[in-house]
Protein chains: 2
Amino acid sequence: MSFSPLIRQLIDALRILPGVGQKTAQRMSLQMLERDRSGGLRLAQALTRAMEEVGYCRQCRTLSEEELCPQCADPRRDDSLLCIVQSPVDVFAVEQTGFRGRYFVLKGHLSPLDGLGPEAIGIPELLGRVADGNFSEAILATNPTVEGEATAHYIAQLLIPKGLTLSRIAHGVPLGGELDLVDGGTLAHALAGRKTITL
Amino acid sequence: MSFSPLIRQLIDALRILPGVGQKTAQRMSLQMLERDRSGGLRLAQALTRAMEEVGYCRQCRTLSEEELCPQCADPRRDDSLLCIVQSPVDVFAVEQTGFRGRYFVLKGHLSPLDGLGPEAIGIPELLGRVADGNFSEAILATNPTVEGEATAHYIAQLLIPKGLTLSRIAHGVPLGGELDLVDGGTLAHALAGRKTITL
């Protein structure tokens, strides 16, 4: 035994954070207690408000405490383009590329073995969003995993008959990588999807 | 712009944690919001209570919300042995070795250039503790850095005249390391402090 009860409770509570083990939680606790109590209190307040007030955007289903998230509320974005992603963090990743269309956020991917069918991941809401909107193209930006591909395929089958152009983000070698570190499947995609160079 | 204001505030607040940058703070926020809101609220509560209620042990000056920390309150510990460390986290490290004497926690090390003299790091309180206690030996367990050594040396000069045996933790090669990865200074200490092997 060594820490007093409140410090022990704080260390235990910090361990719910991803990537934080016993040792890191100790370091975090003691650093806040010794050097930044006001920062610790601000964090407590931000946590409480976020956990209690953040819900989901009515339109795109990303995390938001407003009825409409910043992306859905912005009138200057392209209403003809819909980007379909698996989780709110992917919205942020796609935003950083400069994409300025609309989003729809699924609740993960289809996973029949875990009992996650179309209803569980929000396909009915996606169909409703497409029916309400005026999209000409839907970009399937689910993860490049087996489940993500299957989910993309399933959605394409539903949306193509509705007259939308469906596209899938490109697979290939990532920028800045080295060719011999890229797995065979990715390299096969990169070769099959090669582009002619024009001068 | 991408996250709603409350999520942005949570991400900013998480960045006060040591080792947590923008990307990690995002991952932490979204994981709590999507999977563990009750854990997030528990963390907020633990933070608030710890930041507001944890103070310092009256006797050894480690972090504690009780007037006496668990180590000082325990009547079964060895009252003749005092271990002097630089920070509360060091108490935990020494505890794990099985040490069962008493502690005194300095507020860091002497650092005249930063204006941290004997008063700033708690030397008067240390002298008071030694005068009140009944110690026969004081172990100087400040960090093995130039400042830690200087602080240990300074304390030794004050306490030896009071009739205490003063000792310094041993310097040498750490267990499980490789000799060619150990720096020259450490290896010189390890050689100078070599021990005769008896069968």
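The rules behind these values
- Residues numbered from 1 in each chain as written.
- Chains lettered and ligands numbered in written order.
- Predicted model: local features only at pLDDT ≥ 70, side-chain atom pairs only at ≥ 80, totals over all residues.
- Heavy atoms only, no water.
- Least-squares fit on C-alpha atoms with pLDDT ≥ 70 in both.
- Contact = heavy atoms within 4.5 Å.
- Axes fitted to C-alpha atoms, helices over the stretch in contact; angles between N-to-C directions.
- Helix = DSSP H or I, 4+ residues; strand = E, 2+ residues; numbered from the N terminus.
- Parallel < 35°, antiparallel > 145°, perpendicular 65-115°, else oblique.
- Left-handed = near helix turned anticlockwise from the far one by under 90°.
- Nonpolar A, V, L, I, M, F, W, Y, C, P; charged D, E, K, R; others polar.
- UniProt positions renumbered as here; feature names shortened; annotations may be inferred.
- Pairing = 2+ DSSP bridges.
- Right-handed = clockwise from strand over helix to strand, strands pointing away.
- Expected span 1.5 Å × (residues − 1).
- Buried < 20%, exposed > 50% of the residue type's maximum accessible area, 1.4 Å probe, protein only.
- Salt bridge = Lys/Arg side-chain N within 4 Å of Asp/Glu carboxyl O.
- Polar contact = N/O pair within 3.5 Å; in protein donor to acceptor, adjacent residues only side chain to side chain.
- 1 Å grid on protein atoms, 1.4 Å probe; cavity = no way out; pocket = protein on both sides within 12 Å on 5 of 7 lines; lining within 4 Å.
- Points joined across faces, edges and corners; volume = space filled by probe spheres on them.

**So, the relation of the copies chain B and chain A**
Then, in step 1: Turning chain B through 180 degrees and shifting it by 0.0 Å along the axis lays it on chain A, with an RMSD of 0.1 Å. Both copies of the chain, as the preceding transformation shows, are related through a two-fold rotation axis. In terms of proximity to the rotation axis, the leading residue of chain B is alanine 44 of chain B, whose C-alpha is 2.1 Å off the axis.
Then, in step 2: Residue by residue, 100% of the interface of chain B is reproduced at the interface of chain A, so both copies engage with the same surface.

**Let's talk about the packing of helix α7 (residues 123–132) of chain B against helix α8 (residues 146–159) of chain B**
Residue and element names in this part refer to chain B.
Then, in step 1: At their nearest, the axes of α7 and α8 sit 12 Å apart, and the two run at 40 degrees to each other. When the axes of α7 and α8 are compared, the pair comes out oblique. Read as a crossing pair, α7 and α8 show a hand that is right-handed. Each of Ile123, Leu126, Leu127 and Val130 in α7 lies in contact with α8, whose residues at this interface are Tyr154, Ile155, Leu158 and Leu159.
Then, in step 2: Residues that form the contact of α7 with α8 fall into these classes: 8 nonpolar, no polar and no charged.

**Thoughts on the UniProt feature "domain: Toprim" (unreviewed entry) in chain A**
Then, in step 1: The UniProt record annotates "domain: Toprim" (unreviewed entry) at residues 80–174 of chain A.
Then, in step 2: As annotated, residues 80–174 of chain A has a helix share of 38% and a strand share of 18%, and its two end C-alpha atoms lie 28 Å apart.

**So, the sheet that holds strand β3 (residues 81–85) of chain B**
Residue and element names in this part refer to chain B.
Then, in step 1: If you trace the 4 strands from one edge of the open sheet to the other, you get β4-β3-β5-β6, paired in parallel fashion. Whereas interior strands pair on both sides, the edge strands pair on one side only; in this sheet they are β4 (102–105) and β6 (165–168). Looking at each pair of strands side by side, their axes are set apart by 25 degrees on average, direction ignored.
Then, in step 2: By the bridge criterion, 4 bridges tie β3 to strand β5 (residues 137–140) in an arrangement that is parallel.

**Points about the pairing of β5 of chain B**
Residues and elements named next belong to chain B.
Then, in step 1: With 4 bridges joining them, β5 and β6 adopt parallel strand pairing. Residue leucine 140 lies in a different strand from β6, and its bridge partner there is arginine 168.
Then, in step 2: Note on the crossover from β5 through α8 to β6: the handedness is right-handed.

**Observations regarding helix α2 (residues 22–35) of chain A**
Then, in step 1: Between its first and last C-alpha atoms α2 of chain A spans 20 Å; for 14 residues at 1.5 Å apiece the expected length is 20 Å, and the two agree.
Then, in step 2: Among all positions in α2 of chain A, only Ala25, Gln26, Met28, Ser29, Leu30, Met32 and Leu33 of chain A are buried.

**Details of the pattern of salt bridges**
Then, in step 1: In the structure shown here, the tally under the stated rule is 14 salt bridges over all chains.
Then, in step 2: With a shortest N-O distance of 3.1 Å, glutamate 53 of chain A and arginine 49 of chain A are connected by a salt bridge. Of the two residues, glutamate 53 of chain A and arginine 49 of chain A are both situated in helix α3 (residues 37–53); the distance of 4 residues between them amounts to about one turn of the helix.
Then, in step 3: The residue glutamate 67 of chain B makes a salt bridge to arginine 58 of chain B at a minimum N-O spacing of 2.9 Å.
Then, in step 4: Note on glutamate 67 of chain B: relative accessible area 55%, which makes it exposed.

**Some remarks on the UniProt feature "zinc finger region: C4-type" (unreviewed entry) in chain A**
Then, in step 1: Those places that UniProt annotates as "zinc finger region: C4-type" (unreviewed entry) correspond, in this numbering, to residues 57–72 of chain A.
Then, in step 2: Across residues 57–72 of chain A, the secondary structure splits into 19% helix and 12% strand, with the terminal C-alpha atoms separated by 8 Å.

**Re the interface of chain B and chain A**
Then, in step 1: Opposite the 52 residues of chain B that make contact, chain A presents 52 residues.
Then, in step 2: If you look at where chain B meets chain A, you find 0 salt bridges.
Then, in step 3: Here chain B is connected to chain A by 8 residue pairs in polar contact (both at pLDDT 80 or more).
Then, in step 4: Taken together, the elements giving at least two residues each to the side of chain B that touches chain A come down to α1 (5–14), α2 (22–35), α3 (37–53), β2 (63–64), α4 (70–73) and α5 (88–95) of chain B.
Then, in step 5: At 15 residues, α3 of chain B tops the list of elements feeding residues into the side of chain B that touches chain A.
Then, in step 6: Per-class residue counts for the side of chain B that touches chain A are 31 nonpolar, 11 polar and 10 charged.

**Overview of empty space enclosed by the protein**
Then, in step 1: Evaluation of the coordinates by the stated rule reveals 2 cavities of 30 Å³ or more.
Then, in step 2: It is α5 of chain B that contributes the most residues to the lining of the largest cavity, 3 residues altogether.
Then, in step 3: Estimates place the volume of the second largest cavity at around 50 Å³.
Then, in step 4: As for the second largest cavity, its lining consists of Thr62, Leu63, Cys69, Pro70, Gln71, Pro88 and Val91 of chain A together with Ser2, Phe3, Ser4, Ile7 and Leu30 of chain B.
Then, in step 5: Those elements that place two or more of their residues in the lining of the second largest cavity are α4 (70–73) and α5 (88–95) of chain A.
Then, in step 6: Looking at the lining of the second largest cavity, its residues break down into 8 nonpolar, 4 polar and no charged.

**Description of the environment of alanine 152 of chain B**
Residues and elements named next belong to chain B.
Then, in step 1: Mapped onto the fold, alanine 152 is located in helix α8.
Then, in step 2: The exposure class assigned to alanine 152 is buried, which follows from its relative accessible area of 3%.
Then, in step 3: Excluding residues within four positions of it along the chain, alanine 152 makes contact with Leu140, Thr142 and Arg168.

**A look at unusual backbone geometry**
Then, in step 1: Phi is positive for arginine 61 of chain A, which is not a glycine, with a value near 70 degrees.
Then, in step 2: Among the residues examined, arginine 61 of chain A registers a relative accessible area of 34% and is labelled partly exposed.

**Topic: the pairing of strand β4 (residues 102–105) of chain A**
All names here are of chain A.
Then, in step 1: By the alternation rule, side chains of β4 split into Arg102 and Phe104 and Tyr103 and Val105, which are all buried.
Then, in step 2: For strand β3 (residues 81–85) and β4, the ladder comprises 4 bridges, and the chain directions are parallel. Across the sheet, cysteine 83 pairs through a bridge with tyrosine 103, a residue of β4.
Then, in step 3: A crossover connection joins β3 to the parallel β4 through α5; in handedness this β-α-β unit is right-handed.

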